[in-house]
Amino acid sequence: DETLEETTAQLMREALDTHKPDLVVFLGDNTVADGYENQAKAIKEIVTPCVERNVPFTLVFGNHDQEQGVEKEVLLREYQKYPGCLAYDAIPSLYGCGNHNIPILASKGLDIAFNLWFIDSGTSVAEVGGYDYVREDQIKWYKDTAAILKNINGGKVVPAISFQHI
C-alpha cells in the first residue's frame, strides 16, 4: 500500500546494491492502496530505490492492480512520471494496458540481440468465472512485432522472454 514496510524497502535497496541489475521488472499486483492519491504514494515508494540508483524499470500489471478504484492507464502514467521508467502502451487500442516490448541491442553495432515482451494478462472476467487471459489482438501484435524484429535482424528470429502476471 502507500506505506512500504521499511524491511521491504531495505531488501529492495540491498538487492539493487548487491546485484546491480540493468533493469528491474515489477511483475504485477504492484500496489494495493485505495484511491488515486494512495496509489500514487505507493508507486513512489516502490520505484524510489530504482530512481535513487538510476536503475531503469518497467512493469506489467497484475489482476489486482486496478481493483482499488484507479484504472491501469492512470497507474501507467503515474509510473511514467519517474526517471528510468521504460513502460509504455505500445498500441493503446490493444486489450489491456502497458503491452510493450524492449529490444536489447548488441554491444557492438545496432543489431537486436534480445527482446523483452511485457503483456497485460488482464484482471478478472465474469464470462470465464475467474481471471482474465491474453487476448487475440495482443497475440496478433506480438506476432506482427516479432516479424518486424526478425526482418530488422536480417531474417533471424530475435531471442526473447515474455513477462506477464498470470
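Residue positions are given per chain, counting from 1 as you read along its sequence in written order. The predicted origin of the model limits local features to residues at a pLDDT of at least 70 and limits the giving and counting of side-chain atom pairs to 80 or more, whereas totals for whole chains, interfaces and linings rest on all residues. Heavy atoms throughout the structure, all of them, feed into the side-chain values; hydrogens and water do not.

What counts as a salt bridge is simple: a side-chain nitrogen of Lys or Arg found within 4 Å of a carboxyl oxygen of Asp or Glu. Tallying each qualifying case throughout the model produces seven salt bridges. Notably, a salt bridge pairs R53 with D17, separated by 2.6 Å at the nearest N-O pair. Separated by 36 residues along the polypeptide, R53 in the loop between α2 (35-52) and β2 (57-60) and D17 in helix α1 (residues 6-19) bring together distant segments of the chain. Owing to a relative accessible area of 26%, R53 belongs among the partly exposed residues under this scheme. Burial classes follow relative accessibility: with a 1.4 Å probe on protein chains only, a residue under 20% of its type's maximum area counts as buried, one over 50% as exposed, and anything between as partly exposed. Of the residues examined, D17 reaches a relative accessible area of 38% and is grouped as partly exposed. Secondary structure is summarised from DSSP: a helix means a run of H or I of at least four residues, a strand means a run of E of at least two, and numbering begins at the N terminus for each.

Right, let's get into the sheet that holds strand β4 (residues 112-118). When DSSP finds two or more bridges between two strands, those strands count as paired. Reading across the sheet, the three strands line up as β3-β4-β7 and stay open at both edges, with mixed pairing between neighbours. One side of each edge strand has no neighbouring strand; the edge strands of this open sheet are β3 (100-105) and β7 (160-163). With strand direction ignored, the average angle separating the axes of adjacent strands in the sheet is 15°. The pairing of β4 with β7 spans four bridges and is classified as parallel. Residue pairing across strands places F118 opposite F163, the latter belonging to β7. When checking whether two residues touch, look at their non-hydrogen atoms; a contact exists if any pair is within 4.5 Å. What counts as an axis is a line fitted to C-alpha atoms, over the stretch in contact for a helix, and the angles between N-to-C directions run from 0 to 180 degrees. Docked against the sheet, helix α4 (residues 136-152) engages β3 and β4, running at close to 170° with respect to β4.

The next thing to look at is α2. Across its 18 residues, α2 extends 26 Å between first and last C-alpha, which sits within 8% of the 26 Å expected from 1.5 Å per residue. Helix geometry: α2 is bent most strongly at I46, by close to 40°, with proline P49 lying one to four residues after it. Listed as buried for α2 are Q39, A40, A42, I43, I46, V47, P49 and C50. In the core, the buried residues of α2 are packed alongside α1, β1 (24-27), β2 and α3 (72-80). Following α2 by one or two positions, N54 adopts a phi angle in the positive range, close to 55°. An expected span of 1.5 Å times one less than the residue number is assigned to each helix. What the bend at a residue measures is the angle between two axes, fitted to the seven residues ending there and to the seven starting there.

Turning our eyes to something else, we now look at the packing of aromatic side chains. Classification of ring pairs rests on two measures: the distance between centres of Phe, Tyr or Trp rings, Trp counted by its six-membered ring, which must be within 6.5 Å, and the angle between planes, read as stacked under 30 degrees, edge-to-face over 60 and tilted in between. Evaluation of the coordinates by the stated rule reveals five aromatic pairs. The interplanar angle of 90° and the centroid separation of 5.4 Å between the aromatic rings of W117 and W141 together place this pair among those described as edge-to-face. A residue pair is termed long-range when its members are at least 10 positions apart, and W117 in strand β4 and W141 in helix α4 qualify at 24 residues. Using a relative accessible area of 6% as the deciding quantity, one classes W141 as buried. Ring geometry for F118 and F163: centres 5.1 Å apart, planes at 5°, overall stacked. One end of the pair, F118, is in strand β4; the other, F163, is in strand β7, with 45 residues separating them in the sequence. This pair shows no difference in class: F118 is buried, exactly as F163 is. Any Lys NZ or Arg CZ found within 6 Å of a ring centre and within 35 degrees of that ring's normal is scored as a charge over the ring. We note R135 situated over the ring of Y95; from NZ or CZ to the ring centre the distance is 4.1 Å. The ring of Y133 has R135 lying over it, and the distance from NZ or CZ to the ring centre is 4.2 Å.

Criterion for a disulfide: a pair of cysteine sulfur atoms within 2.5 Å. For the structure on display, the rule yields zero disulfides. Summary of cysteine pairing: C50 is not part of a disulfide, and the nearest cysteine sulfur, belonging to C85, is at 10 Å. C85 provides the cysteine sulfur closest to C97, a residue in no disulfide bond, and the two sulfurs are 11 Å apart.

Once that is clear, we can look at the pairing of β2. Side chains of β2 alternate between two faces, with F57 and L59 and T58 and V60 buried alike. Here four bridges tie β1 to β2, and the two strands are oriented parallel to one another. Counted as the bridge partner of F26 is L59 from β2.

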